[in-house]
Amino acid sequence: MAGELRYRDPGTRIYDLATDVDVVCPRCGGRAFVLAEPVDGELELFWPRRFVCPGCGRSAFRAAGQWSCWGGPIDPYFGLPLWLRTTCCGGRTLWAFNRAHLELLEGHLAAGLRERGMAGQGMTLIARLPAWLKSARHRGEVLSALIRLRRSLD
Ligand SMILES: [Zn+2]
């Protein structure tokens, strides 16, 4: 359609967004964070992580290189529920690690036209989104759920 923005996959991978994850604190139920602690010469994916809760002061440390779990509505390192998760589209769970992740999804869905990822981009976040999330039928509902989630950060 004329006038709609063209969207280009920025090539972000899920790992790029996981250096700063908003989670639910297991002690007080408030908004807490899982933060990467950079290590020179090591991939972000394998950096150590620290859990910190500004609400109750709880903290935890996780050494580098341990097993992590990707692809669901939990943080990959401590397995805590994500702060940014909601149900939409007939019981599906929409989730994001943080504000940047929400904005990436919003930008993608708000653009009417979707470009296919270029060759070699099969691992990007946008290329790997589930079909229900990308379907035109769900677009309005997913967008309002994303806006709702973004408001929970302010
Ligand atoms: Zn807490």
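Only a predicted model underlies this, so the values are computations on that prediction, with no experimental measurement involved.

So, the packing of aromatic side chains
- For the structure on display, the rule yields 5 aromatic pairs.
- Taken together, a centroid distance of 5.8 Å and an interplanar angle of 85° make the contact between W70 and Y77 edge-to-face.
- When the centroid spacing of 6.2 Å and the interplanar angle of 70° are considered together, the rings of W70 and F97 count as edge-to-face. Here W70, found in the loop between β5 (59-62) and β6 (84-88), pairs with F97, found in the loop between β7 (92-96) and α2 (99-110); they are 27 residues apart in sequence, far enough to count as distant.
- Given the relative accessible area of 26%, W70 is considered partly exposed.
- Site record: aromatic cluster; members linked through ring pairs are Y15, W70, Y77, W95 and F97.
- Between the NZ or CZ atom of R49 and the centre of the ring of Y77, over which it lies, the distance is 3.9 Å.

Digging into the coordination of the zinc ion
- Within the first shell, the zinc ion binds the protein through C25 (SG), C28 (SG), C53 (SG) and C56 (SG), at distances of 2.3 to 2.4 Å.
- Because the angles between the 4 donor atoms bound to the zinc ion fall within 104 to 119°, the donor set is best described as tetrahedral.
- Donor residues for the zinc ion, ordered by position in the chain, follow C-x2-C-x24-C-x2-C. Taken together, the positions of C25 in the loop between β2 (20-24) and β3 (31-36) and C53 in the loop between β4 (49-52) and β5 put the pair 28 residues apart, joining distant regions of the chain.
- Here C25 falls in the buried class, since its relative accessible area comes to 2%.
- In this structure C53 comes out as buried when scored by relative accessible area, which is 4%.

What about the pairing of β3?
- By the alternation rule, side chains of β3 split into A32, V34 and A36, which are all buried, and R31, F33 and L35, of which none is buried.
- For β2 and β3, the ladder comprises 5 bridges, and the chain directions are antiparallel. Across the sheet, residue D20 finds its bridge partner in β3, namely L35.
- A loop of 6 residues connects β2 with β3, the two strands running antiparallel in sequence, and G29 in this loop sits at a positive phi of about 80°.

Observations concerning the pattern of salt bridges
- A full pass over the atoms with the stated rule returns 5 salt bridges.
- Across the pair R99 and D154 runs a salt bridge whose closest N-O atoms are separated by 3.1 Å. In this pair, R99 is assigned in helix α2 and D154 in the segment after α4 (139-151), connecting sequence segments 55 residues apart.
- Accessibility expressed as a relative area gives 32% for R99, which makes it partly exposed.
- Salt-bridge contacts for R150 lead to E106; the nearest nitrogen and oxygen are separated by 2.7 Å. Linking R150 in helix α4 with E106 in helix α2, this pair joins segments that are 44 residues apart in sequence.

Some points on the environment of P48
- With respect to the helices and strands, P48 occurs in the loop between β3 and β4.
- Residue classification places P48 among the buried positions, given a relative accessible area of 10%.
- Beyond its immediate chain neighbours, meaning those up to four positions away, P48 contacts L35, A36, E37, V39, F61, R62, A63 and A64.

What about the packing of α2 against α4?
- Direction vectors running N to C along α2 and α4 enclose 155°, while the axes themselves pass 10 Å from each other. Looking at the two axes, α2 sits roughly antiparallel to α4. Once α2 is placed against α4, the crossing between them reads as left-handed. Contact residues: R99, L102, E103, L105, E106, L109 and A110 in α2; R139, V142, L143, L146, I147, L149 and R150 in α4.

Analysis parameters
Residues numbered from 1 in each chain as written. Predicted model: local features only at pLDDT ≥ 70, side-chain atom pairs only at ≥ 80, totals over all residues. Heavy atoms only, no water. Phe/Tyr/Trp six-rings, centres within 6.5 Å; stacked < 30°, edge-to-face > 60°. Helix = DSSP H or I, 4+ residues; strand = E, 2+ residues; numbered from the N terminus. Buried < 20%, exposed > 50% of the residue type's maximum accessible area, 1.4 Å probe, protein only. Lys NZ or Arg CZ within 6 Å of the ring centre and 35° of its normal. Donors = N, O, S within 2.8 Å, 3.2 Å for Na, K, Ca; no water. Tetrahedral: all angles 85-135°; square planar, octahedral: opposite > 155°, others 65-115°. Pairing = 2+ DSSP bridges. Salt bridge = Lys/Arg side-chain N within 4 Å of Asp/Glu carboxyl O. Contact = heavy atoms within 4.5 Å. Axes fitted to C-alpha atoms, helices over the stretch in contact; angles between N-to-C directions. Parallel < 35°, antiparallel > 145°, perpendicular 65-115°, else oblique. Left-handed = near helix turned anticlockwise from the far one by under 90°.

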